[in-house]
Amino acid sequence: MASNPKTPSRFRSRSDAKTPLTPSLISSFNAISLSPRKHPADLSNPFLARSRPASPVKRATTGTAFPSSSGVTHGGVIRKGGIESRLDVVSHDYHPPKVNQNARPELKRSRSTPSTRERTLSHSSSHGDRFITTREDDVAPASLSSTATANLAPTATSSPGHTARLANATGVPLNRRVLAYHEPPPASSNAAFLTTQRNLARPLYSRADLPSSNGTWKDKSRKVPTTPERVLDAPGMVDDFYLNLVSWSALNTVGVALGESTYLWSADSGVVSHLGDAPQGTYVASVDFSNDGAYLGIGLGTGAIELWDAGTGQRLRTMQPSDDAGGQCASLAWHAHVLTSGHSSGTIHHHDVRVPRHLVATLEGHAGEVCGLRWSSGGEVLASGGNDNVVNLWDGRGGDVGATTRGAPKWTKRNHTAAVKALAFAPWAPLLASGGGTSDTCIHVWNITTGARLHTYQTGAQVTGVHWARDRKELVSTHGFPGNALAGWAYPPPSGSSGPRTGAGAAAGSSSSAKIFEIRDAHDARVLFSALSPNGEVLVTGAGDENLKFWRIWEAKEVKKKSKAKQETSVGRGILSIR
């Protein structure tokens, strides 16, 4: 029989020493009760703790405590001074659990951090990356397999057959990812014809060749100021595309019509003078100075033409319209002593201001109102543009003249698709530039000798005026909707930037590379009226916002920058009133 192990001597309690018992000690010992008494815990004494429950080893299934089989008394420890304290004694020693020396200690972690095994299983179950890639895996993900779907949702509709039907109906294969990046769709056709048609179908405000919101320059050698040198207040200026209300004379005087009144502003002195008023019941429709700047012709709404002396401010004569003139006189053009007028009936009249019978010829070639007239510098040809989208070139060297003389145009061009108001002859070449209205937005350059169209500029806005530079191969254009801008163009344009259209449905290429500068929002309204200074450097513009603005577009090539800074220009800075 195996004997119970004994406690080593060094761990024995002092009560194991055998002390002889005396009769008095025995009686005292018998008086002691071995049953535990319930005493209220003394919370003030830290050495007296509350009684703790009995050891689980001594509990029985019936809840009754039995004494230990070793026969040792559990009442306490007997010492010379009496009972020292009560102890809870167990029946066996503590044996620590066996520890695997090869196992790694478990690290402390938060609840949100998975264990090493969980991380390993999670990483192995993934596909090695945390983003969706373009490669296709041979093994289907567990979330898409029919077995996993059946295990996660064991319902009547999660059978493999139902899953296969769903996959077939939705077109999602079970062995591929739901989200994946693939090759981009094929690009649209870049055919020139389709691109041109798309560009023509766009509205004006969404076209790519619209000018920017501020002045930009393509030619880095020079910069065009984006702010005007001078601003004049012009109250009462009529906002009408077909009228011509501004002219600049060779004597550096600007004439402007404001409603029924006509005013002159001297650019040299800055003096504003009131020239005169139109008769009651009519208005001023056009103004134009003679070549020497001494006389001013004024076209009225009734079709009559007044001739004024710009120096003295006196009206010299009034040339009444003929019977077939009809309507307002919206355009005027001088050549020497001949004043040409264009009327809303489509007729053009030549008036010799030296003779009493002023009407010397009538030109008929327009079905709509004549809103643009321009003589060449030598007087060889006359260009006219009308509301019928037609440009006519007339021979100015006619034969016999008289009141009944009728002329025919030298050639007629119908390439524009809107009213033609902007006309200008180049001073250094036999070229004519013509600009169309809102539905056209093109500037065509013609050879006046052969009648051939040489180049086309796509401006993207209504063309209201065009002017050639005196000593540069450039031209400037003024525009209405949708930019109210000024734009400068190089001539000839770079190859491929513009060109003639070969058919009604074909269009010229982009003219962005031919554009030298642009000043968007030059006025708050359409820039309808414009005139070039006698030296060809400053452009005056008028608009429905009742302002006249002076822009320095070109500089004379012989003027140096240092002397230019010291030289006082005839057009200073400031804001004045024209009235």
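Keep in mind that this is a model prediction, so the values were computed, not measured.

Caption draft 1: Structural detail: the packing of aromatic side chains. Across all of its chains, the model carries eight aromatic pairs by this definition. Each ring, one from Phe-241 and one from Tyr-242, has its centre 5.3 Å from the other, and the planes form 85°; the classification is edge-to-face. Ring centres 5.4 Å apart and planes at 90° place the aromatic pair Trp-428 and Trp-468 in the edge-to-face group. Placement of Trp-428 in the loop between strand S22 (420–425) and strand S23 (431–436) and of Trp-468 in strand S26 (residues 463–468) is noted, with a sequence separation of 40 residues between them. Given a relative accessible area of 28%, Trp-428 falls into the partly exposed group. Ring-pair connections join several aromatic residues into one group, and the members of that group are Trp-248, Trp-265 and Phe-550. The side chain of Lys-413 reaches across the aromatic face of Trp-411, ending 5.3 Å from its centre. Above the ring of Phe-241, the side-chain terminus of Lys-421 is found at 5.3 Å from the ring centroid.

Caption draft 2: Structural context of the pattern of salt bridges. Under the defined criterion, the tally for this structure stands at seven salt bridges. Linking Glu-229 and Arg-552 is a salt bridge whose minimum nitrogen-to-oxygen distance equals 2.5 Å. Separated by 323 residues along the polypeptide, Glu-229 in the loop between strand S3 (216–217) and strand S4 (230–233) and Arg-552 in strand S32 (residues 547–552) bring together distant segments of the chain. The exposure class assigned to Glu-229 is buried, which follows from its relative accessible area of 12%. With a closest N to O distance of 3.3 Å, Glu-306 and Arg-315 form a salt bridge. Its relative accessible area of 2% is what places Glu-306 among the buried residues.

Caption draft 3: Molecular detail of the side chain of Thr-459. Looking at where Thr-459 falls in the secondary structure, it is placed in the loop between strand S25 (453–458) and S26. Among the polar contacts made by the side chain of Thr-459, one reaches the main-chain carbonyl oxygen of Ala-461 at a distance of 3.1 Å.

Caption draft 4: Broad picture of the nonpolar core. Counting 36 residues, the largest nonpolar core has Met-237, Val-246, Trp-248, Ile-298, Leu-548 and Phe-550 as the members making the most contacts within it. For this core, the secondary structure elements donating two or more residues are strand S5 (246–248), strand S6 (253–258), strand S7 (261–266), strand S9 (284–289), strand S10 (295–300), strand S30 (527–532), strand S31 (538–543) and S32. Ala-424, Ala-426, Ile-443 and Ala-514 belong to the second largest nonpolar core, which has 16 residues in total.

Caption draft 5: View of the side chain of Asp-440. The topology assignment puts Asp-440 in the loop between S23 and strand S24 (442–447). Looking at Asp-440, its side chain comes within polar contact range of the main-chain nitrogen of Thr-417, at 3.0 Å.

Caption draft 6: Up close: the environment of His-337. With respect to the helices and strands, His-337 occurs in the loop between strand S13 (329–335) and strand S14 (338–343). A C-alpha to C-alpha distance of 6.0 Å links His-337 and Val-353, two positions 16 residues apart in sequence. Leave out the neighbours within four places in its chain, and His-337 touches His-351, Asp-352, Val-353 and Arg-354.

Caption draft 7: Region of the structure containing the sheet that holds strand S8 (residues 272–277). Judged by pairing direction, the sheet is antiparallel, and its four strands sit side by side in the order S5-S6-S7-S8 without closing on themselves. Unpaired on one side and paired on the other, S5 and S8 mark the two borders of the sheet. Within this sheet the neighbouring strands show an average axis-to-axis angle of 20°, counted without direction. Taken together, the three bridges between S5 and S6 define a ladder with antiparallel strand orientation. Note that in S6 the partner of Ser-247 across the bridge is Gly-255.

Caption draft 8: Fine view of the environment of Trp-551. In this fold, Trp-551 is placed in strand S32. When the C-alpha atoms of Trp-551 and Pro-228 are compared, they prove to be 4.8 Å apart, with 323 residues separating the residues in sequence. If near-sequence neighbours (up to four positions away) are discounted, Trp-551 is found in contact with Pro-225, Thr-226, Thr-227, Pro-228, Leu-486, Ile-519, Ala-522, His-523, Glu-537, Val-538, Leu-539 and Thr-541.

Caption draft 9: Molecular detail of the sheet that holds strand S17 (residues 370–375). In spatial order, the strands read S17-S18-S19-S21; together these four strands make up an open sheet with antiparallel pairing. The sheet is open, and its two borders are formed by S17 and strand S21 (411–413), each paired with just one other strand. Taken over all neighbouring pairs, the strand axes of this sheet differ in orientation by 20° on average, direction set aside.

Conventions and cut-offs
- Along each chain, residue indices are assigned from 1 in the same order as the chain's sequence is written.
- In keeping with the model being predicted, local features are shown solely for residues with a pLDDT of at least 70 and side-chain atom pairs are shown and tallied solely at 80 or more, while totals for entire chains, interfaces and linings include all residues.
- Side-chain metrics in this entry use all non-hydrogen atoms of the structure; hydrogen atoms and water are not considered.
- Any pair of Phe, Tyr and Trp rings, taking the six-membered ring for Trp, is counted once the centres come within 6.5 Å. Such a pair is stacked with planes under 30 degrees apart, edge-to-face with planes over 60 apart, and tilted for the rest.
- Numbering of helices and strands runs from the N terminus; a helix is a DSSP stretch of H or I covering at least four residues, while a strand is a stretch of E covering at least two.
- Exposure classes here rest on a 1.4 Å probe applied to the protein chains alone. A residue is buried below 20% of its type maximum, exposed above 50%, and partly exposed in between.
- Lysine and arginine charges are scored as sitting over a ring when NZ or CZ, respectively, is within 6 Å of the ring centre and within 35 degrees of the ring normal.
- Salt bridge criterion: a side-chain nitrogen from Lys or Arg within 4 Å of a carboxyl oxygen from Asp or Glu.
- Counted as a polar contact is a pair of N or O atoms within 3.5 Å, where, for protein atoms, one must be capable of donating a hydrogen and the other of accepting one, and residues adjacent in sequence contribute only when both atoms are in side chains.
- Among buried residues, the Ala, Val, Leu, Ile, Met, Phe, Trp, Tyr and Cys ones that are joined through side-chain atoms within 4.5 Å form a nonpolar core.
- Every residue pair with non-hydrogen atoms within 4.5 Å of one another is taken to be in contact.
- At least two bridges found by DSSP between two strands is the condition for calling them paired.
- The angle between two axes is taken between their N-to-C directions and runs from 0 to 180 degrees, where each axis is a line fitted to C-alpha atoms and a helix contributes only its stretch in contact.

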